[in-house]
Amino acid sequence: MKALVCVKRVIDYNVKIRVKMDKSGVETDNVKMSMNPFDEIAVEEAVKMKESGIINEIIILSIGADTSQETIRTGLAMGGDRGILIKTDGQDLDPLNIGKIIKVVSEKENPDLIILGKQAIDDDCNQTGQILATLLNCHQATFASKVEVNSDKSINVTREVDGGLETIKVSLPCVITTDLRLNEPRYASLPNIMKAKQKKIETLDVNDLSIKLDKRVQTIEVNDPPSRKPGVMVNDVDSLIEKLRNEAKVI
Amino acid sequence: MKTLIIVEHNNDSVKPSTYSTITAASKISDKIDALMIGYNNDSAIDELKKSDHLNKIFNINKKGLENPIAENFSNHILDFLKNNDYSHILSPSSTFGKNLSPKIATELDVQQISDIISIIDSDTFERPIYAGNAIAKVKSLDKIKVLTVRPTCFEPCGLSSNVEVETVMFDNTEVSSVSYVGLDESKSDRPELTSAKVIISGGRGMQNGDNFKLLEGIADKLGAAMGASRAAVDAGFVPNDWQVGQTGKIVAPDLYVAVGISGATQHIAGIKDSKFIASINKDEEAPIFNFSDYGLVADLFEILPELEKKL
């Protein structure tokens, strides 16, 4: 079986983001970038499946500027076999466009399994996997916290839903999006990082894919969130109860 | 302008997220219909009929649609839309809506706008990005707007109406081969986190799962839901679905009580729409105090029994 894992380069989750003065977005100059944490979980899941003999090839795909090669290398160091970079000039692409690009790659590579994070921690859209499954007309299993491949090659996926844990059975090919508790991504070892440098990354220009990329959502401005009023410290339980009862009137 | 609401329900009852979505829709236009897809859903329909703001409810009641399999719901919605025109299609941004809505948008070749928190006008909306650390004001250039709505940002609609229900049949619409294995429902006598008026949550400071019993008595007295930080969930103190935060449940109760929670950014992102936040932590430098209306620096193991007794 072949797996395609899609990874996005985003501002590292430990970085405190700053909104640009002109409100056009958030500051990305000289900011540490990393692989989207949910995509790391996707890579880890594919690597685990390769280790258990279910998958024999893992392709790491990213869409972005040249710098996204680093993100692909991270995936290769974790255990991916080869990479594909769909090169853009670094512009923000709507998830629908991203879905259309991945579809083209997928139709060329014919993976049995496409795994990606449930959302990117920059735009928080939570759409790409669902869009892709719809464009490819295949099953989707989103927000996965457990993936089990059955002997008939169908897959049981346990999904984290609001009311608990839902399990569905899907058939291949399918799109799986990963939730936090699916696994703990490994750190790439130094020898594996060195080995990853020898692995092949194919680069294609997005303009050569004959997809019409259009912007359907315009960002008018980006602002800081409203801040909360500063609170007060209380000295003991009695004054806490008094404040909650008589000032806030919430108990 | 006409808006369609995709109803979240479990055939027995309507999820509160739907009522918040109706309120959001009422800020866009006054022509709002709702579409419910399910099987043996009479009691959910009886509930939904009472919703204010709705013009009409369409009901697809068909065997095979008892569970919210995204492929099935999407196929039926698409067939429904062949004979019904809407300018806006809204779903709650619960796991139900997040799973389903992008499929509808994709079939219509529209770019969905996710998780809106406010409505500026019929095509301009605000939504959180970077875990709520920034708010983007965005404008849809698509003819049909497909939106998911953050339920905690809109009050539920009133329930004093009696809306007309029309049953629609789609016998030939495909039911997909995805099979529903089951739902391991989190059972609790307490209110649901996402709709509770009061929530009490514990963090890493609780030290172990047993100590969450210290919160139970207080939760009982306050009629509160119980939650936890990601640190407490990752440490295995309590089940996954207790997790409050950007990567867990987004909550907005009248009162949120944070006990032994330091206040990581992703936790704050999930609670900052609460009306009041009270926190108890022994570390006076804990970031949670910067976001709290009331803070108490104390050892929670001494304070919790006292709090329970005095409430």
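Everything below is about the structure printed above this text.
Fair warning: this is a prediction, and the values are worked out from it, not measured in the lab.

Participant: Can you explain the overall build of chain B? Please cite residues and give values.
Facilitator: A count of helical and extended segments in chain B gives 8 helices and 16 strands. Relative to the compact-globule value of 19 Å for 311 residues, chain B shows a C-alpha radius of gyration of 21 Å, a close match. Looking at chain B as a whole, 58% of its 311 residues are labelled buried. Looking at chain B as shown, the accessible area adds up to about 12300 Å², and 45% of this sits on carbon and sulfur atoms. Across chain B, the mean location of the 31 positive side-chain charges is 2 Å away from that of the 43 negative side-chain charges.

Participant: With reference to specific residues and values, describe the interface of chain B and chain A.
Facilitator: Chain B puts 78 residues into the contact, and the matching count from chain A is 74 residues. Buried surface at the junction of chain B and chain A, summed over both partners, amounts to about 6300 Å²; 56% is from carbon and sulfur atoms. On the chain B side of the contact with chain A, B:Gln111, B:Tyr130 and B:Tyr294 bury the most area, a combined 13% of that side's loss. Counting across the interface, chain B meets chain A through 6 salt bridges. One can count 43 residue pairs in polar contact (both at pLDDT 80 or more) joining chain B with chain A. Of the residues in the side of chain B that touches chain A, the class split is 35 nonpolar, 23 polar and 20 charged. Across 6 bridges, strand β12 (residues 217-223) of chain A lies against strand β8 (residues 134-140) of chain B in antiparallel orientation. From the neighbouring strand, A:Val217 faces β8(B), where its bridge partner is B:Ser140.

Participant: Pulling in residues and values, what's your account of the sheet that holds strand β10 (residues 174-178) of chain A?
Facilitator: Here 10 strands make up an open sheet; going across it, the order is β11(A)-β5(A)-β4(A)-β1(A)-β6(A)-β10(A)-β7(A)-β8(A)-β9(A)-β11(B) and the pairing mixed. Edge strands, defined here as strands with exactly one partner in the open sheet, are β11 (201-205) of chain A together with β11 (179-185) of chain B. With direction set aside, neighbouring strand axes in the sheet form an average angle of 30°. Across 4 bridges, the pairing between strand β7 (residues 139-149) of chain A and β10(A) is parallel. By the bridge assignment for β10(A), A:Gln140 is matched with A:Val175.

Participant: Lay out the packing of aromatic side chains in plain terms, naming residues and giving numbers.
Facilitator: Applying the stated criterion across every chain yields a total of 6 aromatic pairs over all chains. With 6.0 Å between their ring centres and 80° between their planes, B:Phe73 and B:Phe96 make a pair best called edge-to-face. Pair noted here: B:Phe73 is in helix α3 (residues 70-82) and B:Phe96 is in helix α4 (residues 95-107), with a separation of 23 residues, a long-range link. An aromatic cluster is built from B:Phe58, B:Phe80 and B:Tyr86, whose rings are joined through pairwise contacts. Over the ring of A:Phe143 we find A:Lys118; its NZ or CZ atom is 5.9 Å from the centre of that ring.

Participant: Residue-level account of the environment of A:Thr178, with values.
Facilitator: Residues and elements named next belong to chain A. Positionally, Thr178 belongs in strand β10. What makes Thr178 buried here is its relative accessible area of 0%. Taking the C-alpha atoms as reference, Thr178 lies 9.3 Å from Glu40; in sequence the two are 138 residues apart. In this view, Thr178 contacts Phe38, Ile41, Ala42, Ile115, Leu116, Gly117, Lys118 and Ala144; residues no more than four positions away in its chain are not counted. Here the side chain of Thr178 touches Phe38 through a polar contact of 2.8 Å, landing on its backbone oxygen.

Participant: Quick one: what's the story with empty space enclosed by the protein, residue by residue and with numbers?
Facilitator: Once rolled over the atoms, a probe with the size of a water molecule shows which space is left empty. Counted by the stated rule, this structure contains 2 cavities of 30 Å³ or more. Lining the largest cavity are A:Leu240, A:Leu244, A:Ile251, B:Ile200, B:Ile218, B:Leu222, B:Leu255, B:Val257, B:Leu307 and B:Leu311. For the lining of the largest cavity, the secondary structure elements donating two or more residues are α6 (237-247) of chain A together with α5 (213-222) and β14 (255-259) of chain B. Residues that form the lining of the largest cavity fall into these classes: 10 nonpolar, no polar and no charged. Taken as a whole, the second largest cavity encloses approximately 50 Å³ of empty space. For the second largest cavity, the full set of lining residues is A:Gln140, A:Ala141, A:Thr142, A:Arg159, A:Glu166, A:Ile168, B:Pro68, B:Ile69, B:Ala70, B:Glu71, B:Asn99 and B:Val178. For the lining of the second largest cavity, the secondary-structure elements that each account for two or more residues are β7 and β9 (164-170) of chain A together with α3 of chain B. Sorting elements by how many residues they give to the lining of the second largest cavity places β7(A) first, with 3 residues.

Participant: Run through helix α1 (residues 37-51) of chain A, naming residues and quoting values.
Facilitator: An α-helical turn contains 3.6 residues, so a residue and the one three or four places further along point in the same direction. All names here are of chain A. Relative to the 21 Å expected for 15 residues at 1.5 Å per residue, α1 spans 21 Å between its end C-alpha atoms, a close match to the ideal helical length. Buried residues of α1: Phe38, Asp39, Ile41, Ala42, Val43, Glu44, Glu45, Ala46, Val47 and Met49, and no others. Looking at the residues trailing α1, positive phi occurs at Gly53, about 85°.

Participant: Describe a nonpolar patch on the surface, naming the residues involved and giving the relevant values.
Facilitator: Together, A:Leu190, A:Ile193 and A:Met194 make up a nonpolar patch on the protein surface, roughly 290 Å² of accessible area in all. Mapped onto the elements of the fold, A:Ile193 is located in helix α5 (residues 190-196).

Participant: Quick rundown of the environment of B:Glu71? Include the residues and the values.
Facilitator: Tracing the sequence through the fold places B:Glu71 in helix α3. Residues B:Glu71 and B:Lys50, spaced 21 residues apart in sequence, show a C-alpha to C-alpha distance of 29 Å.

Participant: Help me get a handle on the nonpolar core, residues and values and all.
Facilitator: Counting 40 residues, the largest nonpolar core has A:Val5, A:Val43, A:Ile60, A:Leu113, A:Ile155, A:Val170 and A:Ile176 as the members making the most contacts within it. In terms of residue count, α1(A) provides more of this core than any other element does, 7 residues in total. Setting aside chain neighbours within four positions, we find A:Ile155 in contact with A:Leu113, A:Val147, A:Glu148, A:Val149, A:Asn150, A:Ile168, A:Lys169, A:Val170, A:Leu172, A:Cys174 and A:Ile176. Counting residues in each nonpolar core, the second largest holds 38 residues, with B:Ile22, B:Ala34, B:Leu48 and B:Val163 among its members.

Participant: Could you give me a rundown of the state of the cysteines, with the residues and numbers involved?
Facilitator: Throughout the structure, instances matching the rule amount to 0 disulfides over all chains. With no disulfide of its own, B:Cys153 lies 16 Å from the sulfur of A:Cys125, the closest cysteine sulfur. Not engaged in a disulfide, the cysteine B:Cys157 finds its nearest cysteine sulfur in B:Cys153; these two sulfurs lie 16 Å apart. The buried category is assigned to B:Cys157, whose relative accessible area is 7%.

Participant: Summarise α4(B); cite the residues concerned and give the values.
Facilitator: All names here are of chain B. Of all 13 residues in α4, 11 are buried, a share of seventy percent or more. Every buried residue of α4 is listed here: Thr95, Phe96, Gly97, Asn99, Leu100, Ser101, Pro102, Lys103, Ile104, Ala105 and Thr106. Taken from the residues just after α4, Asp109 is the one with a positive phi, measuring 55°.

Analysis parameters
- Residues numbered from 1 in each chain as written.
- Chains lettered and ligands numbered in written order.
- Predicted model: local features only at pLDDT ≥ 70, side-chain atom pairs only at ≥ 80, totals over all residues.
- Heavy atoms only, no water.
- Helix = DSSP H or I, 4+ residues; strand = E, 2+ residues; numbered from the N terminus.
- Rg over C-alpha atoms; globule rule 2.2 N^0.38 Å.
- Buried < 20%, exposed > 50% of the residue type's maximum accessible area, 1.4 Å probe, protein only.
- Areas by Shrake-Rupley, 256 points an atom, 1.4 Å probe, with all protein chains shown as cover.
- Lys, Arg positive; Asp, Glu negative; His and termini not counted.
- Charge placed at Lys NZ, Arg CZ, Asp CG, Glu CD.
- Contact = heavy atoms within 4.5 Å.
- Buried area = accessible area lost by both parts, 1.4 Å probe.
- Salt bridge = Lys/Arg side-chain N within 4 Å of Asp/Glu carboxyl O.
- Polar contact = N/O pair within 3.5 Å; in protein donor to acceptor, adjacent residues only side chain to side chain.
- Nonpolar A, V, L, I, M, F, W, Y, C, P; charged D, E, K, R; others polar.
- Pairing = 2+ DSSP bridges.
- Axes fitted to C-alpha atoms, helices over the stretch in contact; angles between N-to-C directions.
- Phe/Tyr/Trp six-rings, centres within 6.5 Å; stacked < 30°, edge-to-face > 60°.
- Lys NZ or Arg CZ within 6 Å of the ring centre and 35° of its normal.
- 1 Å grid on protein atoms, 1.4 Å probe; cavity = no way out; pocket = protein on both sides within 12 Å on 5 of 7 lines; lining within 4 Å.
- Points joined across faces, edges and corners; volume = space filled by probe spheres on them.
- Expected span 1.5 Å × (residues − 1).
- Patch = residues over 30% accessible without salt bridge, like charges linked within 9 Å, V, L, I, M, F, W, Y side chains within 5 Å.
- Core = buried A, V, L, I, M, F, W, Y, C linked by side-chain atoms within 4.5 Å.
- Disulfide = S-S within 2.5 Å.

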